[in-house]
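Here is how the chains run, residue by residue.
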There are 2 protein chains.
Amino acid sequence: MALDNPTTQAVVTTADKVFDQMLHAIVEGTIKAGSKISEPELAKHYQISRSTLREALNRLEKCHLIERKANVGSRVVECSIAGLLEIYIVREALEGMACRQAAHNMTDDEIIEMKAMLAQHANSKALRDGVSYYQEEGDLDFHYKVILGSHNQQLINILCGQLYHLVRMYRCQFGMNSPRATKAFDEHSRIIDAIADRDGELAEMLMRRHIAASRKNIENKISQQL
Amino acid sequence: MALDNPTTQAVVTTADKVFDQMLHAIVEGTIKAGSKISEPELAKHYQISRSTLREALNRLEKCHLIERKANVGSRVVECSIAGLLEIYIVREALEGMACRQAAHNMTDDEIIEMKAMLAQHANSKALRDGVSYYQEEGDLDFHYKVILGSHNQQLINILCGQLYHLVRMYRCQFGMNSPRATKAFDEHSRIIDAIADRDGELAEMLMRRHIAASRKNIENKISQQL
DNA sequence: CTAATTAATATTGTCGACAATATTTAGGTT
DNA sequence: AACCTAAATATTGTCGACAATATTAATTAG
């Protein structure tokens, strides 16, 4: 899968595998949002002991994909509009800062690599045809690279390690294919330019606007539906 | 304890208690930073089974206080200057945004309560005498209130749930009592004013400067020591 | 028939033992 | 003596069973 998380270490233990499977299942909605998680049932389903399952559940909790109450159990998080907007607020702050840091800390090679990636996106059939590819994988790839470029392990952990699974979940469940594809591409280009110029202040501002625009796009859609 | 985390739910299970004890031990350095964690040894020390201990370890990992490698074990995180600066970068971004949100979302009552808290800090003996109290608990209390005032659950979780334990750990281990006490107090006052004026943009800017000033203060200290 | 109380059931929390993997120690070869 | 190899040891991962708590069902009083 194209946007495999560079921060996720190699999957070795069975708890890792089950975590991976459940991650996909939750993100894609196979395990429904808001549903209660039955440990005995899932343990039987994955053919593992409850201890191992609970280990996997702990990692899902780290990604904020499930919530646990003592002596009661776990539930998959709900996907609400309010929750989505909350995430966008966090992303605006963190990715904005990541972008500023990337402008300071990215190596020249990393910048070259990023430009190459964007050029590839520009040529990609999917972008010309429609919105699908770029919106999904390409967009996430771009944001990933910027975050990694910050060279700030805390930022990387929070954004790539936990928040992005939630972002993907929302994208899957709400089926986001907004008409911002080409516009977003242009914004990405300008962001890279700012990073290449080592202009952290501008880079942060552009990234924040970029994310805020997506958020407002959603807010508009919602208000229209009412 | 004055700055008990409002997001931490009631401690009911034994794993919770052990988590709490280990949390304090790590923050205060009783369990040394960078040290390896022996599951059999600690399980014996706390008189619990390894399963329960591992449950506690999982929560510590969620706070980024320990790091685990598959089939190898857990280590307490190291406290490096670089790591501290990374955290300040994240705080600047997230608390800045939290402050902006607080300006939008805090209730009038919450703002009144905050002003009262600050007035109390101004009168507090500790502030007049020295730097100790305000730097430690008062400062954290202030930041907590702002974060909670954002009414953004994601922000609250990340900042209060995980990042602040690390911040406290650094404060304990590096023994931070900078000469910024009265200056910081003034900055807090202006931030609250901005929130009361519902000026989110200014509130964010002031909070970011406030945190950036702390970071630069540390950077200066370090460069002097070299 | 409704509501509260209690009994029955199911689920989560905790435990100790075994299996798989890593680390250390001992031994042998160059 | 240094280095690689292999046995021994210790540590982590996984399992199934029991205890504690919550949820549901049954029973009884009003």
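Summarised in this report is the structure supplied together with it. (Residues numbered from 1 in each chain as written. Chains lettered and ligands numbered in written order. Predicted model: local features only at pLDDT ≥ 70, side-chain atom pairs only at ≥ 80, totals over all residues. Heavy atoms only, no water.)

Structural notes on the relation of the copies chain A and chain B
Okay, step 1: Screw-axis analysis of chain A against chain B gives a translation of 0.0 Å along the axis, an RMSD of 0.0 Å, and a rotation angle of 180 degrees. Within this description, the copies of the chain are treated as partners about a two-fold rotation axis. In terms of proximity to the rotation axis, the leading residue of chain A is A93 of chain A, whose C-alpha is 2.6 Å off the axis. (Least-squares fit on C-alpha atoms with pLDDT ≥ 70 in both.)

Quick word on the interface of chain A and chain B
Okay, step 1: With 33 residues of chain A at the interface, the matching set in chain B holds 33 residues.
Okay, step 2: Between chain A and chain B, roughly 2700 Å² of surface is buried when both sides are summed, and carbon and sulfur atoms account for 53% of that area.
Okay, step 3: If you look at where chain A meets chain B, you find eight salt bridges.
Okay, step 4: The closest approach of N and O atoms between E55 of chain A and R54 of chain B, which form a salt bridge, is 3.9 Å.
Okay, step 5: Run the count over chain A and chain B and you get 10 residue pairs in polar contact (both at pLDDT 80 or more).
Okay, step 6: Elements represented by at least two residues in the side of chain A that touches chain B include exactly helix 3 (50-62), helix 4 (81-105), helix 8 (153-174) and helix 10 (200-225) of chain A.
Okay, step 7: With 10 residues, the top contributor of residues to the side of chain A that touches chain B is helix 4 of chain A.
Okay, step 8: Partitioned by chemical class, the residues of the side of chain A that touches chain B number 12 nonpolar, 10 polar and 11 charged. (Contact = heavy atoms within 4.5 Å. Buried area = accessible area lost by both parts, 1.4 Å probe. Salt bridge = Lys/Arg side-chain N within 4 Å of Asp/Glu carboxyl O. Polar contact = N/O pair within 3.5 Å; in protein donor to acceptor, adjacent residues only side chain to side chain. Helix = DSSP H or I, 4+ residues; strand = E, 2+ residues; numbered from the N terminus. Nonpolar A, V, L, I, M, F, W, Y, C, P; charged D, E, K, R; others polar.)

Focus on the sheet that holds strand 3 (residues 73-76) of chain A
All names here are of chain A.
Okay, step 1: What the three strands build is an open sheet, ordered 1-3-2; its pairing is antiparallel. Sheet topology places strand 1 (36-37) and strand 2 (66-69) at the edges, where each strand pairs with a single neighbour.
Okay, step 2: Helix 3 rests against strand 1, strand 2 and strand 3 of the sheet, and its axis sits at about 115 degrees to strand 2. (Pairing = 2+ DSSP bridges. Axes fitted to C-alpha atoms, helices over the stretch in contact; angles between N-to-C directions.)

Focus: the pairing of strand 3 of chain A
Residues and elements named next belong to chain A.
Okay, step 1: Every second residue of strand 3 is oriented toward a common face, the buried set being S74 and V76 and the non-buried set G73 and R75.
Okay, step 2: Sheet topology places strand 1 next to strand 3; two bridges connect them, and they run antiparallel. Bridging from a neighbouring strand, I37 pairs with S74 of strand 3.
Okay, step 3: By the bridge criterion, four bridges tie strand 2 to strand 3 in an arrangement that is antiparallel. The residue bridging R68 from the neighbouring strand is S74, located in strand 3.
Okay, step 4: A loop of three residues connects strand 2 with strand 3, the two strands running antiparallel in sequence, and N71 in this loop sits at a positive phi of about 65 degrees. (Buried < 20%, exposed > 50% of the residue type's maximum accessible area, 1.4 Å probe, protein only.)

As for the protein's contact with DNA strand D
Okay, step 1: The environment of DNA strand D is formed by 20 residues, the closest being T13, T14 and T52 of chain A together with R50 and R54 of chain B.
Okay, step 2: Atoms of DNA strand D within 4 Å of the protein belong to the sugar or the phosphate in 68% of instances, the rest to bases.
Okay, step 3: Among the elements of the structure, helix 1 (14-28) and helix 3 of chain A together with strand 1 (36-37), helix 2 (39-45) and helix 3 (50-62) of chain B are those that each provide at least two residues to the surface near DNA strand D.
Okay, step 4: Taken together, the residues that form the surface near DNA strand D break down as seven nonpolar, eight polar and five charged. (Near = heavy atom within 4 Å.)

Regarding the pattern of salt bridges
All names here are of chain A.
Okay, step 1: One pass over the full model with this rule turns up 31 salt bridges over all chains.
Okay, step 2: Between R54 and E39 there is a salt bridge; the shortest N-O distance is 3.2 Å. Separated by 15 residues along the polypeptide, R54 in helix 3 and E39 in helix 2 (residues 39-45) bring together distant segments of the chain.
Okay, step 3: By relative accessible area, R54 is classed as partly exposed at 27%.

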